[in-house]
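In case you want the letters, here they are:
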Amino acid sequence: MVPKSYRSRLPCQFANVTLKPRMNALLLIGGRVIDPANHLDSSADLLIVDGKISAVGKEASSNAPADAERIDVKGMIVCPGLIDLHVHLREPGQTAKENIATGTAAAARGGFTSLVCMPNTAPAIDSAGTVALIRDRATQSGVVNVFVSGAITKNIAGEELAPIGSLKRAGVVAITDDGHCVQNNELMRRACEYAKMFDLTVMDHCQDYSLVTDGVMHEGYWSTALGLRGWPSAGEEMIVARNILMAELTGARVHCQHLSAAGSVALIREAKKRGVPISGEACPHHFVLTDAAVAGSEKFWAGDGKSLLPLNYQPSTINLPSWPNYDTNFKMNPPLRSARDREAILEGLTDGTIEILCSDHAPHCDYEKEVEFDYAPFGITGLETELALSLMQLYHTKRIPLSDLIAKYTTAPATLLNLRKGTLSVGADADVTVFNPDLEWVFDVADTASKSRNSPFHNWTLKGRAIATIVAGKKVFVEQPEIAGVQSKT
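These remarks concern the structure in this document. (Residues numbered from 1 in each chain as written. Predicted model: local features only at pLDDT ≥ 70, side-chain atom pairs only at ≥ 80, totals over all residues. Heavy atoms only, no water.)

The subject of this paragraph is the environment of Leu 161. Of note, Leu 161 is situated in the loop between β10 (145-150) and α5 (164-170). Distance from Leu 161 to Gly 81, taken between C-alpha atoms, is 34 Å for residues 80 residues apart in sequence. With residues up to four places along the chain from it excluded, the contact list for Leu 161 reads Ile 152, Thr 153, Lys 154, Leu 187, Arg 190, Ala 191 and Tyr 194. (Helix = DSSP H or I, 4+ residues; strand = E, 2+ residues; numbered from the N terminus. Contact = heavy atoms within 4.5 Å.)

Structure (structure tokens):
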């Protein structure tokens, strides 16, 4: 018998009777459920109970508790929570730009339930202690799942390997020196060998410094016309070729980040045919924009931007976004490239050469970007716009089916990094994204969850938007019902 003075301290007990805790249940009704991991694409209900997927289909409604919250999502897409494996959260050390709380809030608004943060922070994520710090802060202030990547080299200096085994034990899901590129090929080989040993993916920022030198935009017609130092495509392609050789030599999984050049796509396509464990990712800005955008909106829309306009476009019917020439929000690493390169990236995404989509979300303070083009930092934000831009360029143009696009944000990154995410299988974590692929909206940099505003897509009319983002059964973002058309009942 428990003494009376202790009975009040025991949870769920009264008069020596143990009560069942109330289940936390959520039923999504009538959506189009697309789960590439299970080859599912049909109208169905989805039941979430206590943070896990409980049922999909006919059993969902019949098994739902009477007090379950019910959300009518007819006309919406319901899919596994989207994953972005290339995000800069800037914490620790650069929290004026972004932090875990604001970065994950932006991810939730964009429909992302999981992200992988890059290690080029201050200090760099090159030790088990820093990994522990990030994971602890993510638990405290993050609203989505935060996975950590560790550095390849100490302080991302490219001179000495980081303790890869310790980083693995601390919980990193990949290693990368993103923002920098390991130039020493012997060092890169050792990194790949250790990564293979510890079953980690090597993610590489492909940039040959001796070719790129101090380039600030794509080397071509517009760099010459604008008088800016050029950055040749070969500066990326050289390292992509190196990485293919390293993957073939060591057997390690090597992933090429933010591909931008036609030659890079061709190299990876050929290597994959030979069974080399190489992969690549693409960011929306590289398959939407071109280097002509640096010359200003007028030049862009008159040339390369025409392919983004409706066939029946009339100037009087659409208010196109405008920006000046030398706008530093169009400066990123790697740079925007030619229309030929853009088309090659789209072809790579269409034929499966490029398996993964991501943002390379790289926030900066306003004052950092409000300088001459030569001196501005590289990088743009992207978490809240990448889904819409991907839908517009890949799905609405009929380049790929919707299920294939979703796979590039779910099963593909989950498989690459061995994440137990990206599926709506019964028993899986209830990370779910609900989005309307046809909802048109205007992106305003003043209306963002991110700390930073450095997006080139300000005032763009986008098509497709996240309506609800659910992490472990908890709604971490819900769009305004009157905008989204979502109805909730308890």
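Helices that pack against each other are described as a pair by the angle of their axes relative to one another and the distance between those axes. The N-to-C vectors of helix α10 (residues 262-273) and helix α13 (residues 339-351) enclose an angle of 30°; their axes lie 8 Å apart at closest approach. The orientation of α10 with respect to α13, classified from their angle, is roughly parallel. For the pair α10 and α13, the contacting residues are Ala 262, Val 265 and Arg 269 in the first and Arg 340, Asp 341, Ala 344, Ile 345, Glu 347, Gly 348 and Asp 351 in the second. Its residues assigned to classes, the contact of α10 with α13 shows four nonpolar, one polar and five charged. (Axes fitted to C-alpha atoms, helices over the stretch in contact; angles between N-to-C directions. Parallel < 35°, antiparallel > 145°, perpendicular 65-115°, else oblique. Nonpolar A, V, L, I, M, F, W, Y, C, P; charged D, E, K, R; others polar.)

Our focus in this paragraph is the sheet that holds strand β17 (residues 356-357). Within the open sheet, the eight strands sit side by side as β8-β9-β10-β11-β12-β15-β16-β17. Their pairing is parallel. Single-partner strands in this sheet number two, and they are β8 (82-87) and β17. The sheet contact formed by strand β16 (residues 278-282) and β17 spans two bridges and is parallel. Directly across from Glu 281, in β17, lies its bridge partner Ile 356. Along the sheet face, helix α9 (residues 234-250) touches β12 (201-204), β15 (254-256) and β16 and points at about 165° away from the line of β15. (Pairing = 2+ DSSP bridges.)

Moving on: the packing of aromatic side chains. What describes a pair of aromatic rings is the distance from one ring centre to the other and the angle between the planes of the rings. In this structure the tally under the stated criterion is eleven aromatic pairs. On the numbers, 6.3 Å between centres and 20° between planes, the contact of Trp 323 with Trp 460 is stacked. Of this pair, Trp 323 sits in the loop between α12 (297-302) and α13 while Trp 460 sits in the loop between β18 (432-442) and β19 (461-471); the two residues are 137 residues apart in sequence, bridging distant segments of the chain. Relative accessible area serves as the criterion here: at 9%, Trp 323 is assigned to the buried category. You can call Trp 460 buried: its relative accessible area is 5%. Taking the ring centre of Phe 378 as reference, the NZ or CZ of Lys 331 above it sits at 4.6 Å. Above the face of the Trp 441 ring, Arg 465 is positioned so that its terminal group lies 4.1 Å from the ring centre. (Phe/Tyr/Trp six-rings, centres within 6.5 Å; stacked < 30°, edge-to-face > 60°. Buried < 20%, exposed > 50% of the residue type's maximum accessible area, 1.4 Å probe, protein only. Lys NZ or Arg CZ within 6 Å of the ring centre and 35° of its normal.)

Moving on: the pairing of β16. By the criterion of burial, β16 is predominantly enclosed, with five of the five residues buried. Judged by which residues are buried, β16 turns out to be covered on both faces: Ile 278, Gly 280 and Ala 282 on one side and Ser 279 and Glu 281 on the other are all buried. You can see the chain leave β15, run along α10 and come back into β16, and the turn it takes is right-handed. (Right-handed = clockwise from strand over helix to strand, strands pointing away.)

On to helix α4 (residues 128-141). For an α-helix, the turn length of 3.6 residues means that residues three or four places apart are oriented alike. For α4, with 14 residues, the first-to-last C-alpha span of 20 Å sits near the 20 Å given by 1.5 Å per residue. Here α4 has its buried residues at Thr 130, Val 131, Ile 134 and Ala 138. For α4, the angular spread of buried residues about the axis comes to 105°, placing them on one side. Exposed residues lying more than 90 degrees from the buried face of α4 are Gly 129, Thr 139 and Gln 140. The secondary structure elements touched by the buried residues of α4 are α3 (100-109), β9 (112-117), β10 and α5. (Expected span 1.5 Å × (residues − 1). Arc of directions from axis to C-beta.)

Below, the discussion takes up the pattern of salt bridges. Counting across every chain of the model gives 23 salt bridges. Note that Arg 190 and Glu 193 form a salt bridge whose closest N and O atoms lie 3.0 Å from each other. With Arg 190 and Glu 193 both in helix α6 (residues 185-197), this residue pair falls three residues apart, about one helical turn. Among the ionic pairs, Asp 199 bridges to Arg 253, the shortest N-O distance being 2.9 Å. One end of the pair, Asp 199, is in the loop between α6 and β12; the other, Arg 253, is in the loop between α9 and β15, and 54 residues separate them in sequence. Judged by relative accessible area, Arg 253 falls into the partly exposed class, the value being 23%. One continuous salt-bridge network, built from bridges that share partners, spans Lys 52, Lys 421, Asp 429 and Asp 431. (Salt bridge = Lys/Arg side-chain N within 4 Å of Asp/Glu carboxyl O.)

What follows concerns the nonpolar core. Core analysis: the largest hydrophobic core is formed by 100 residues, its most contacted members being Phe 287 and Trp 460. With sequence-adjacent residues up to four places away left out, Phe 287 is seen in contact with Ala 282, Arg 342, Ile 345, Leu 346, Leu 349, Leu 357, Leu 389, Ser 390, Gln 393 and Leu 394. Within the second largest apolar cluster, 19 residues are counted, among which are Ala 44, Leu 46, Val 73 and Val 78. (Core = buried A, V, L, I, M, F, W, Y, C linked by side-chain atoms within 4.5 Å.)

Taking 1.5 Å per residue, 13 residues should reach 18 Å; α6 reaches 18 Å between its end C-alpha atoms and fits that length. Listing the buried residues of α6 in full gives Leu 187, Met 188, Ala 191, Cys 192 and Ala 195. The buried residues of α6 occupy one face: seen down the axis, they fall within an arc of 140°. Buried residues belonging to α6 abut α5, β11 (174-176), β12, α9 and β15. Capping of α6 at its N-terminal end is provided by Asn 184; its side-chain oxygen lies 3.0 Å from the backbone amide nitrogen of Glu 186. One or two positions beyond α6, positive phi appears at Asp 199, with a value near 55°. (Polar contact = N/O pair within 3.5 Å; in protein donor to acceptor, adjacent residues only side chain to side chain.)

Cis geometry marks the peptide bond from Glu 91 to Pro 92, where omega comes out at 15°. With respect to the element layout, Pro 92 can be found in the loop between β8 and α3. Following Asn 333, the chain continues into Pro 334 via a peptide bond in cis, with omega recorded as -5°. Relative to the assigned elements, Pro 334 resides in the loop between α12 and α13. In this structure, Asp 360 takes a positive phi of about 50° despite not being glycine. Note on placement: Asp 360 falls in the loop between β17 and α14 (366-369). The class for Asp 360 is buried, based on a relative accessible area of 10%.

Scope: geometric values only; no functional claims are made or implied.
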